[in-house]
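Each chain, letter by letter, is given below.
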Number of protein chains: 2
Amino acid sequence: MAFLTIKTMNFHLDKSIELLARTPQAYKELFTGLQYDWAHINEGANTWNAFDIVGHLIHGEQTDWVPRGRIILGNQADKTFVPFDRFAQEQLSVGKTMDELLEEFDQLRQANLQELKSWNLSPTDLAKTGIHPDLGTVTLQELLATWTIHDMAHLNQISRALVKHYAQDVGPWHQYIRLLKDKQG
Amino acid sequence: MAFLTIKTMNFHLDKSIELLARTPQAYKELFTGLQYDWAHINEGANTWNAFDIVGHLIHGEQTDWVPRGRIILGNQADKTFVPFDRFAQEQLSVGKTMDELLEEFDQLRQANLQELKSWNLSPTDLAKTGIHPDLGTVTLQELLATWTIHDMAHLNQISRALVKHYAQDVGPWHQYIRLLKDKQG
């Protein structure tokens, strides 16, 4: 028996802006002015901690979401995006404190949301396309939807790392914590 | 070939208090005063949204972590904890707004952390035990470690639900988002 998969589209521009405006504040509440090493806890070799992630989010504000939106909405013939460097923060965050990164992320996000609002996007605009260097043709709406949940995907990663940090310390309670039961974490 | 699993204990009391003091603020930044339905997005039937989760966290502050710590440290002969009701919020949150729940959670957490600090716990205290109705003997340190990561485990759950909310909207980017690739979410 085959099942019908119903694909629900949920994107809403103002709703997305509401969340995008909040996530930098949530990151700040968790990681500004820490005495202990919460921002530097990862899941082992070649995994990211919160410090790495905020650097990555900053680079996204600088080179990914809004700059790609400008390409989609602009007049140039070539709509191909510049490839995004997922490891740029390894250089760009050197010598900066977590507090500085959090402030930079927040400032960049606010400026980008101002620009996004200034575009006064219509449904026709949201359907306009660009060329992702690996994924091919994508719409402005898909770009904005991905931006909206990208902070959350990384908050998911950070929260997973922090839960695992006390994996051995919770004793028998590990049975009740899904992240400590799943093999893949 | 057998591998040796090294079980690292990471618990640190002041470090735990640092995180416990921050998580209610992070929840507030994400979910206070929302115009849109972010606090009511779940992962489908019989899953929790942020509104459910904050109600659950409130009930934990009222009946679980600190009350169980009092039992462990107190003089009564019977150290058995009262069972925790994982569904209490279904009644307790009725008629309340998300903003009210977030404020209540924050106030309860602050009061509980004041009480925790007033205990001036020694290593001997942290090794004292109580009886969990299902899990058996547990130490005060295990209880406090579990409390510390419990907010994060639920932030992991909330962030997963919000990412999935735009699962169909991100288009080809779903390939880059681990939560949208994993079958189990």
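Residues numbered from 1 in each chain as written. Chains lettered and ligands numbered in written order. Predicted model: local features only at pLDDT ≥ 70, side-chain atom pairs only at ≥ 80, totals over all residues. Heavy atoms only, no water.

If you look chain A up in an unreviewed UniProt entry, it shows as DinB-like domain-containing protein from Microscilla marina ATCC 23134.

Colleague: Just checking my understanding: could you explain the packing of aromatic side chains for this structure?
Modeller: Evaluated as defined, the whole model comprises 8 aromatic pairs over all chains. Aromatic side chains Tyr166(A) and Phe11(B) sit 5.7 Å apart centroid to centroid with 40° between the ring planes, which places their arrangement in the tilted category. Taken together, the residues span two chains, with Tyr166(A) in the loop between α7 (140–165) and α8 (178–181) and Phe11(B) in the segment before α1 (13–31). On the basis of relative accessibility, which here comes to 13%, the residue Phe11(B) falls in the buried class. (Phe/Tyr/Trp six-rings, centres within 6.5 Å; stacked < 30°, edge-to-face > 60°. Helix = DSSP H or I, 4+ residues; strand = E, 2+ residues; numbered from the N terminus. Buried < 20%, exposed > 50% of the residue type's maximum accessible area, 1.4 Å probe, protein only.)

Colleague: Would you mind going over the relation of the copies chain B and chain A with me for this structure?
Modeller: For the pair of chain copies, the relating transformation is a rotation about an axis with a translation along it. The transform that puts chain B on chain A rotates by 180° and translates by 0.0 Å along the axis, for an RMSD of 0.0 Å. What the rotation and shift describe, once combined, is the action of a two-fold rotation axis. When you check the interface residues of chain B against chain A, 100% turn up at the interface there too, and the contact is symmetric in its surfaces. (Least-squares fit on C-alpha atoms with pLDDT ≥ 70 in both. Contact = heavy atoms within 4.5 Å.)

Colleague: When you look at the interface of chain B and chain A in this model, what are you seeing that I'm missing?
Modeller: It is common to report an interface's size as the accessible area lost on association of the parts. Each partner contributes to the interface: chain B provides 66 residues, whereas chain A provides 66 residues. Buried surface at the junction of chain B and chain A, summed over both partners, amounts to about 6,000 Å²; 62% is from carbon and sulfur atoms. Here Asp37(B) and Lys15(A) are joined by a salt bridge, their closest N and O atoms 2.7 Å apart. For the side of chain B that touches chain A, the element with the highest residue contribution is helix α7 (residues 140–165) of chain B, accounting for 16 residues. Per-class residue counts for the side of chain B that touches chain A are 29 nonpolar, 22 polar and 15 charged. (Buried area = accessible area lost by both parts, 1.4 Å probe. Salt bridge = Lys/Arg side-chain N within 4 Å of Asp/Glu carboxyl O. Nonpolar A, V, L, I, M, F, W, Y, C, P; charged D, E, K, R; others polar.)

Colleague: Would you explain the pattern of salt bridges in this entry?
Modeller: Oppositely charged side chains can pair when the atoms bearing their charge come close. All chains considered together, the criterion is met by 22 salt bridges over all chains. Its salt-bridge partner being Arg109(A), residue Asp151(A) comes within 2.8 Å of it at the nearest N-O pair. Note that Asp151(A) is positioned in helix α7 and Arg109(A) in helix α5 (residues 98–118), a separation of 42 residues in sequence. Overall, Asp151(A) belongs to the buried group, its relative accessible area being 1%. Taking the relative accessible area as the measure of exposure, Arg109(A) reaches 1% and is therefore buried. Ionic pairing is found between Glu61(B) and Arg109(B), a salt bridge with its closest N-O pair at 2.6 Å. In this pair, Glu61(B) sits in helix α2 (residues 50–63) while Arg109(B) sits in helix α5 (residues 98–118), placing the two residues 48 residues apart along the sequence. Like Arg109(B), Glu61(B) is buried. A network of salt bridges, in which partner residues are shared, links Lys28(A), Glu103(A) and Asp106(A).

Colleague: What is the right way to read α7(A) from this model?
Modeller: For the α-helix, the turn length of 3.6 residues means that residues three or four positions removed from each other point alike. All names here are of chain A. With 26 residues, α7 ought to run about 38 Å at 1.5 Å a step, and its terminal C-alpha atoms sit 38 Å apart, in line with that. Residue Ile 149 marks the point of greatest curvature in α7, where the axis turns by about 30°. In terms of burial, α7 is a largely internal element, 24 of the 26 residues being buried. (Expected span 1.5 Å × (residues − 1). Bend = angle between axes of the 7 residues up to and from the residue.)

Colleague: Can you walk me through the pairing of strand β1 (residues 129–132) of chain A in this structure?
Modeller: All names here are of chain A. A one-sided burial pattern is seen for β1, the buried positions being Gly 130 and His 132 and the unburied ones Thr 129 and Ile 131. Judged from the 4 bridges that link them, β1 and strand β2 (residues 136–139) form a sheet pairing that is antiparallel. Opposite Gly 130, over in β2, you have Val 138 as the bridge partner. The hairpin formed by β1 and β2 contains 3 residues between the paired strands. (Pairing = 2+ DSSP bridges.)

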